[in-house]
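# Residue-level structure breakdown
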Amino acid sequence: MGISQHDLDEAWMRHAIRLAQRAEDQGEVPVGALIVKDERCLAEAWNQPIALSDPTAHAELLALRAAGKMLNNYRLIDTTIYVTLEPCVMCMGAISHARIKRLVFGAFDEKRGAVCHALSLTDAPFLNHRVSWQGGVLETRCAEQLRDFFRARR
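Report follows, based on the coordinates. (Residues numbered from 1 in each chain as written. Predicted model: local features only at pLDDT ≥ 70, side-chain atom pairs only at ≥ 80, totals over all residues. Heavy atoms only, no water.)

Our next topic: helix α5 (residues 139-153). A rise of 1.5 Å per residue sets the reference length of α5, with its 15 residues, at 21 Å; its end C-alpha atoms lie 22 Å apart and thus fit the reference within 8%. Where α5 is concerned, the buried positions are C142, A143, Q145, L146 and F149. Seen along its axis, α5 keeps its buried residues to an arc of 155 degrees; they face one direction. For α5, the exposed residues set more than 90 degrees away from the buried face come down to T140 and A152. (Helix = DSSP H or I, 4+ residues; strand = E, 2+ residues; numbered from the N terminus. Expected span 1.5 Å × (residues − 1). Buried < 20%, exposed > 50% of the residue type's maximum accessible area, 1.4 Å probe, protein only. Arc of directions from axis to C-beta.)

Structure (structure tokens):
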């Protein structure tokens with residue numbers, strides 16, 4: 001009997017949490033992301049807008065760019081992106097345009113989340129690709145990492 005999808009999702013999310021720690025170690029908001037295809041990690045990244053002086057250097061976008069180069073294609077067909085926080089509008093637009101098949105995230109972002117909170121871009125009629133999604137994977141750990149980061153900065 002093989003490993004369940006739930007167990008795989010948690011294993012990849014633990015990897016994303018380690019990536020988020022790299023962001024935090026660099027003074028960035030701790031968000032990590034990775035892209036998987038056929039149970040193999042194609043790309044991984046963490047937030048780096050400060051380090052790169054780039055407001056678009058969110059973990060998701062950096063992972064999308066790296067995966068595109070790895071596959072030599074801007075379409076990331078049949079891939080899953082794992083991210084520790086519900087993606088923002090910018091990242092959800094890019095995830096959809098890349099044709100990511102599945103999105104798995106940890107913590108929900110009630111103020112800025114563009115999956116199921118501030119916006120629901122996974123169901124937006126003006127987008128021609130639907131991304132299936134699962135939120136709340138290792139939610140407590142992901143949310144604590146963010147909460148602890150912001151608490152320490154106040």
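Let us now look at the pairing of strand β2 (residues 40-46). Pairing of strand β1 (residues 32-37) with β2, which is carried by 6 bridges, proceeds in the antiparallel orientation. Paired with V36 across the strands is C41, a residue of β2. Remark: 2 residues form the turn of the hairpin made by β1 and β2, two consecutive strands paired antiparallel; D38 in that turn has positive phi of roughly 55 degrees. (Pairing = 2+ DSSP bridges.)

Topologically, I17 is positioned in helix α1 (residues 5-25). Sequence separation between I17 and P30 is 13 residues, and the spatial gap between their C-alpha atoms is 8.3 Å. Filtering out sequence-adjacent residues up to four positions away, I17 remains in contact with T84, L138, R141, C142 and Q145. (Contact = heavy atoms within 4.5 Å.)

Let's shift gears to the nonpolar core. M13, I35, L64, I95, I100 and L103 are the most contacted members of the largest nonpolar core, which totals 48 residues. Of all the secondary-structure elements, those providing two or more residues to this core are α1, β1, β2, α3 (59-71), β3 (80-85), α4 (89-97), β4 (102-107) and α5. At 7 residues, α1 tops the list of elements feeding residues into this core. If sequence neighbours within four positions are ignored, L103 has contacts with I81, V83, P87, M92, I95, V115, V131, S132, W133 and Q134. (Core = buried A, V, L, I, M, F, W, Y, C linked by side-chain atoms within 4.5 Å.)

With that settled, the discussion passes to the packing of α3 against α4. Close contact between α3 and α4 brings their axes to 9 Å; oriented N to C, the two are set at 25 degrees. Compared by their axis directions, α3 and α4 come out roughly parallel. Where α3 crosses over α4, the two elements pack in a sense that is left-handed. Within the contact between the two elements, α3 uses E60, L61 and L64 and α4 uses M90, C91, A94 and I95. The class makeup of the residues in the contact of α3 with α4 is 6 nonpolar, no polar and 1 charged. (Axes fitted to C-alpha atoms, helices over the stretch in contact; angles between N-to-C directions. Parallel < 35°, antiparallel > 145°, perpendicular 65-115°, else oblique. Left-handed = near helix turned anticlockwise from the far one by under 90°. Nonpolar A, V, L, I, M, F, W, Y, C, P; charged D, E, K, R; others polar.)

Moving on: the sheet that holds β2. Taken together, the 5 strands give an open sheet; going across it, the order is β2-β1-β3-β4-β5, and neighbouring strands pair in mixed fashion. Each edge of the open sheet carries a strand with a single partner, namely β2 and β5 (132-134). Strand-to-strand twist in this sheet, taken as the mean axis angle between neighbours without regard to direction, amounts to 20 degrees. Across 5 bridges, β3 lies against β4 in parallel orientation. Residue pairing for β4: I81 is matched across the bridge by L103. Contacting β1, β2, β3 and β4, α1 crosses the sheet at an angle of about 55 degrees to β3.

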